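Examination of the molecular architecture
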Amino acid sequence: MFTSLTVREAVEKNRTKEQQQGGLQQTLLGYSPYTYTLRNTGPEDVFIKVICCGICHSDIHQIKNDLGMSNYPMVPGHEVVGEVIEVGSNVSKFKIGDTVGVGCIVGCCRNCRPCKSDKEQYCNKKIWSYNDIYTDGKPTQGGFAGSMVTDQKFVVHIPEGMAVEQAAPLLCAGVTVYSPLTHFGLKESGLRGGILGLGGVGHMGVKIAKAMGHHVTVISSSDKKREEALEDLRADDYVISSDATRMQEIADSLDYIIDTVPVFHPLEPYLSLLKLDGKEEDNNRKLHRSMKETEEVLEFCREKGLTSQIEVVKMDYINTAFERLEKNDVRYRFVVDVVGSKLDQ
Ligand SMILES: [Zn+2]
Ligand SMILES: [Zn+2]
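Residues numbered from 1 in each chain as written. Chains lettered and ligands numbered in written order. Predicted model: local features only at pLDDT ≥ 70, side-chain atom pairs only at ≥ 80, totals over all residues.

By the naming in an unreviewed UniProt entry, the protein is Cinnamyl alcohol dehydrogenase, taken from Camellia lanceoleosa.

Shown next as structure tokens:
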């Protein structure tokens, strides 16, 4: 099965230059069409025609080789929603025509302790949706593509009635904030939470925490997003982190803080905001996202009628979208309309 899609071309020259300049040099984010072969649909596999795919901030780190582990050509995308076109002989969970999702992980060992307790994200042999090597020795490729073949264990049902473009951001951003709240037992109403940073993940954090009935304080580095946080997202409070007086006022008041800032920063100033037994969740360093929680967050959002603020774009806009995402110029997540981008022509 051949499929054509869009990918950043490996530009060795640029990467070398980037490294020489300490990794700070901005490379041209160049995506171009790329054709490759998908594996045949195996007994456990689901063949999915991609409908849409969200753009996650971590895609930027991968395509720019920020972690020094990128391989090219690379097809990013781990907030994938599509339609089941074919199922393997052992697949019972899905049938042709189902609307399904694929998130960050597409493989694990199935035998270790994390795997056996539905926490496959901690498996040492987990396989990422892209920029990783699959069990057949071939690179994994993500959702900015016409189709994907994925093991049924790593495919979730999109709840009936949920818009596909709304489902996409839940598969990474949504579960990224939902998961720690579940993990630390912070789902009951009446809790006081802090959301650090208001990007794609942070805005989902506000929405999900509000839907749980929490009092939500957005903590941001500037005043820029105050109005949208309080009015559009209905956060209860907004505090600028450099405002010592306000920070002092809310000291010892929060049951948890979810840190969604995608760049490294010191945590000390925020720890004092927590109550004695409060929880601080740093999403840069933890990976609390299991398949089970992915299914849960989809169901939670369906039940609450929760939607995120997204901007739907076509594939030919992807380079601009990445540039804008880097500048924080999106409210709050791009979702690429893959099926409407007519990749096969
Ligand atoms: Zn992500
Ligand atoms: Zn395992």
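Brief notes about the overall build of the protein
Helix and strand content of the protein: 11 helices and 16 strands. When each of the 345 residues of the protein is scored for burial, the buried share is 43%. Taking as baseline every contact in the protein between residues at least 6 positions apart, the subset at least 24 positions apart corresponds to 69%. (Helix = DSSP H or I, 4+ residues; strand = E, 2+ residues; numbered from the N terminus. Buried ≥ 20, exposed ≤ 12 C-beta atoms within 10 Å, placed from the backbone. Contact = placed C-beta atoms within 7 Å.)

What to know about unusual backbone geometry
Residue Y72 is joined to P73 through a cis peptide bond whose omega torsion reads -5°. One can find P73 in the loop between α2 (57-63) and β4 (80-87). Looking along the chain, the bond that leaves R331 and enters Y332 is cis, with omega of -10°. A positive phi angle is found at R110, which is not glycine, with a value near 75°. Within the secondary structure, R110 sits in the loop between β6 (105-107) and α3 (113-116). Positive phi outside glycine occurs at R234, with the angle close to 60°.

Considerations on helix α5 (residues 173-183)
Taken across its 11 residues, α5 has 9 buried, putting it largely inside the fold. Residues of α5 that are buried: A173, G174, V175, T176, V177, Y178, S179, P180 and L181.

Description of the nonpolar core
Residues V218 and V336 are the most contacted members of the largest nonpolar core, which totals 80 residues. With 7 residues, strand β3 (residues 45-54) is the largest single contributor of residues to this core. Two domains each provide a minimum of three residues to this core, namely domain 1 (2-172 + 309-341) and domain 2 (175-282). Aside from chain neighbours lying at most four places away, what touches V336 is C52, C53, I55, F144, V313, M315 and I318. (Core = buried A, V, L, I, M, F, W, Y, C linked by C-beta atoms within 7 Å. Domains from an automatic or database assignment.)

Structural notes on the pairing of strand β16 (residues 333-337)
In terms of burial, β16 is a largely internal element, 4 of the 5 residues being buried. Looking at chain direction, β3 and β16 are connected through 3 bridges and run antiparallel. When the bridges of β16 are listed, G54 appears paired with V335. Chirality of the crossover, the property in question, places the unit of strand β15 (residues 310-314), helix α11 (residues 318-326) and β16 among those that are right-handed. (Pairing = 2+ DSSP bridges. Right-handed = clockwise from strand over helix to strand, strands pointing away.)

Notes on the pairing of strand β5 (residues 99-102)
The sheet contact formed by β4 and β5 spans 4 bridges and is antiparallel. The partner of G82 across the bridge, within β5, is V100. Across 3 bridges, the pairing between β5 and strand β9 (residues 155-157) is antiparallel. Paired with V100 across the strands is H157, a residue of β9.

Observations concerning α11
If you check which residues of α11 are buried, you get I318, A321, F322 and L325. The arc that holds the buried residues of α11, viewed along the axis, is 95°, so those residues lie on one side. Just past α11, the residue N328 takes up positive phi, approximately 65°. (Arc of directions from axis to C-beta.)

Let's talk about the environment of A209
On the secondary structure map, A209 appears in helix α6 (residues 200-211). Owing to 27 C-beta atoms within 10 Å, A209 belongs among the buried residues under this scheme. Along the primary structure A209 and Y178 are separated by 31 residues, whereas in three dimensions their C-alpha atoms are 8.3 Å apart. Among residues more than four places away in sequence, those in contact with A209 are G193, I195, H214 and V216.

Thoughts on the environment of V218
By the secondary structure assignment, V218 is in strand β11 (residues 215-220). Residues V218 and D237, 19 residues apart in the sequence, show an inter-C-alpha distance of 6.2 Å. Excluding its chain neighbours within four sequence positions, the residues that come into contact with V218 are I195, L198, V206, A229, A235 and Y238.

Examining the packing of α5 against helix α10 (residues 291-304)
Interhelical geometry of α5 versus α10 gives an angle of 100° and a closest axis separation of 9 Å. The angle between α5 and α10 falls in the class roughly perpendicular. Contact residues: α5 offers G174, V175, Y178, S179 and T182, while α10 offers E293, T294, E296, V297, F300 and C301. Here the residues of the contact of α5 with α10 are counted per class, giving 5 nonpolar, 4 polar and 2 charged. (Axes fitted to C-alpha atoms, helices over the stretch in contact; angles between N-to-C directions. Parallel < 35°, antiparallel > 145°, perpendicular 65-115°, else oblique. Nonpolar A, V, L, I, M, F, W, Y, C, P; charged D, E, K, R; others polar.)

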